[in-house]
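A look at the structure
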Amino acid sequence: MKKPFVYITGASAGFGKACAELFAKEGYSLVITGRRNERLEELAETIKSEHNVEVIPSCFDVRDEAAVKAAVANLSDDVKSNISILINNAGLAVGKGPIDEGISDDWNRMIDTNVKGLLYVSRAIIPFIKAFDGPRQIINIGSIAGKEVYPGGNVYCASKHAVDALTKGMRIDLLPHTIKVSQIAPGLAETEFSVVRFKGDQEVADAVYDGYEPLLAKDIAETALFLATRPAHVNIDDVIIKPTAQANSTIVKKN
Ligand code: NDP
Ligand code: 8X3
């Protein structure tokens, strides 16, 4: 039988892209979203040719509520009625430094993307998940920054603490509809995350991952697939996943 659709935000890079590749390998069809359309189109073509599943690229900015609504409304009825899993992954950190030196544009980008974007997408997709006749699940990508606060992390940490709280709130509110709600809270993982955080400074970004083996995007994708393939009576609420070399947000064993 044809497997349903997984709706993945932030699939043009990092964790979202790795989730798209892995879920497609398992036979799921996909809606992949992000702002960089060329990347989405390219990924869709590659996955379709490799795995013979449907892949719908959907290009929009999660911060723009009207764009979120329009992109979801534009999906075909067949796709809308077959979405069983939402992976709320799109997100970013911008800047790292003392709060009194913070830049309000950086704060807005983080709060608007990580918190409000997740809300807009969830609000748009949940009605279809509710109506789907089969197992249903939402997986939110939080962070160790949603469990601890570290120097210079202030607003990014606050935004990921909000994801932690929203995950718990969703689990309560969606319980009557038997929708599983899970969070994955990763530690240090080498993706485009640090290049974005440090505004294109590749040298500073690379230094974050020097001297130990960080997580890779595929580690997060494998975790998401594990959560999505538990039996109907099992929900894994929360997974904190870190490199073996990382004890907490600030303590990393480097060579
Ligand atoms: P990447 O920078 O590699 O990927 C981020 C993805 O989010 C991209 O596909 C990007 O697409 C998308 N995105 C960012 N802003 C927007 C927006 N406004 N609208 C739509 N899509 C957007 O980072 P990661 O894969 O590492 O990050 C994925 C998630 O994991 C984030 O929520 C991040 O906070 C979280 N995380 C990352 C960790 C790490 O160490 N890497 C650890 C813990 C959590 P595009 O630019 O095309 O819009
Ligand atoms: C990304 C991991 O530790 O840089 O969420 O905040 S960290």
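So, here is what we can say about the structure in this document.

Rules used in this analysis
Residues numbered from 1 in each chain as written. Chains lettered and ligands numbered in written order. Predicted model: local features only at pLDDT ≥ 70, side-chain atom pairs only at ≥ 80, totals over all residues. Heavy atoms only, no water. Helix = DSSP H or I, 4+ residues; strand = E, 2+ residues; numbered from the N terminus. Rg over C-alpha atoms; globule rule 2.2 N^0.38 Å. Buried < 20%, exposed > 50% of the residue type's maximum accessible area, 1.4 Å probe, protein only. Contact = heavy atoms within 4.5 Å. Areas by Shrake-Rupley, 256 points an atom, 1.4 Å probe, with all protein chains shown as cover. Lys, Arg positive; Asp, Glu negative; His and termini not counted. Charge placed at Lys NZ, Arg CZ, Asp CG, Glu CD. Pairing = 2+ DSSP bridges. Axes fitted to C-alpha atoms, helices over the stretch in contact; angles between N-to-C directions. Salt bridge = Lys/Arg side-chain N within 4 Å of Asp/Glu carboxyl O. Parallel < 35°, antiparallel > 145°, perpendicular 65-115°, else oblique. Left-handed = near helix turned anticlockwise from the far one by under 90°.

1. A closer look at the overall build of the chain
Assigned secondary structure in the chain consists of 9 helices and 7 strands. For 255 residues, the compact-globule estimate of 2.2 N^0.38 gives 18 Å, and the chain sits close to it at 18 Å. For the chain, the spread of C-alpha atoms along the principal axes amounts to about 50 × 40 × 35 Å. Put simply, the chain has 255 residues, and 47% of those count as buried. In the chain, the proportion of contacts linking residues at least 24 apart, taken out of those at least 6 apart, comes to 71%. Taken as a whole, the chain presents about 12,200 Å² of accessible surface, with 53% of it coming from carbon and sulfur. Taken as two groups, the 29 positive and 33 negative side-chain charges of the chain have centres that lie 5 Å from each other.

2. A short note on the sheet that holds strand S3 (residues 55-59)
Pairing between sheet strands relies on hydrogen bonds along the backbone, with the strands arranged either parallel or antiparallel. With parallel pairing, the 7 strands of this open sheet are ordered in space as S3-S2-S1-S4-S5-S6-S7. Strands at the two margins of the open sheet, each flanked by one partner only, are S3 and strand S7 (238-241). Strand-to-strand twist across the sheet, computed as the mean angle between neighbouring axes with direction ignored, equals 15 degrees. Pairing of strand S2 (residues 29-34) with S3, which is carried by 5 bridges, proceeds in the parallel orientation. Looking at S3, one finds that Val31 is bridged to Ile56.

3. Describing the environment of Glu42
Following the sequence through the fold, Glu42 ends up in helix H2 (residues 37-51). When its relative accessible area of 57% is taken as the criterion, Glu42 is described as exposed.

4. Examining the pattern of salt bridges
Under the defined criterion, the tally for this structure stands at 10 salt bridges. Two residues, Asp164 and Lys168, come together in a salt bridge whose shortest N-O distance is 3.1 Å. With Asp164 and Lys168 both in helix H6 (residues 154-173) and 4 residues apart, the pair spans about one turn of that helix. On the basis of relative accessible area, Asp164 is assigned to the buried category, the value being 10%.

5. Points about the packing of helix H5 (residues 104-131) against H6
Relative to each other, H5 and H6 sit at 15 degrees, their axes nearing to 8 Å. The angle between H5 and H6 places the two elements in the roughly parallel class. H5 and H6 meet at a crossing whose hand is right-handed. Residues Trp107, Met110, Ile111, Asn114, Val115, Leu118, Leu119 and Ser122 of H5 touch H6, and the partners they reach there are Val155, Tyr156, Ser159, Lys160, Ala162, Val163, Leu166 and Met170.

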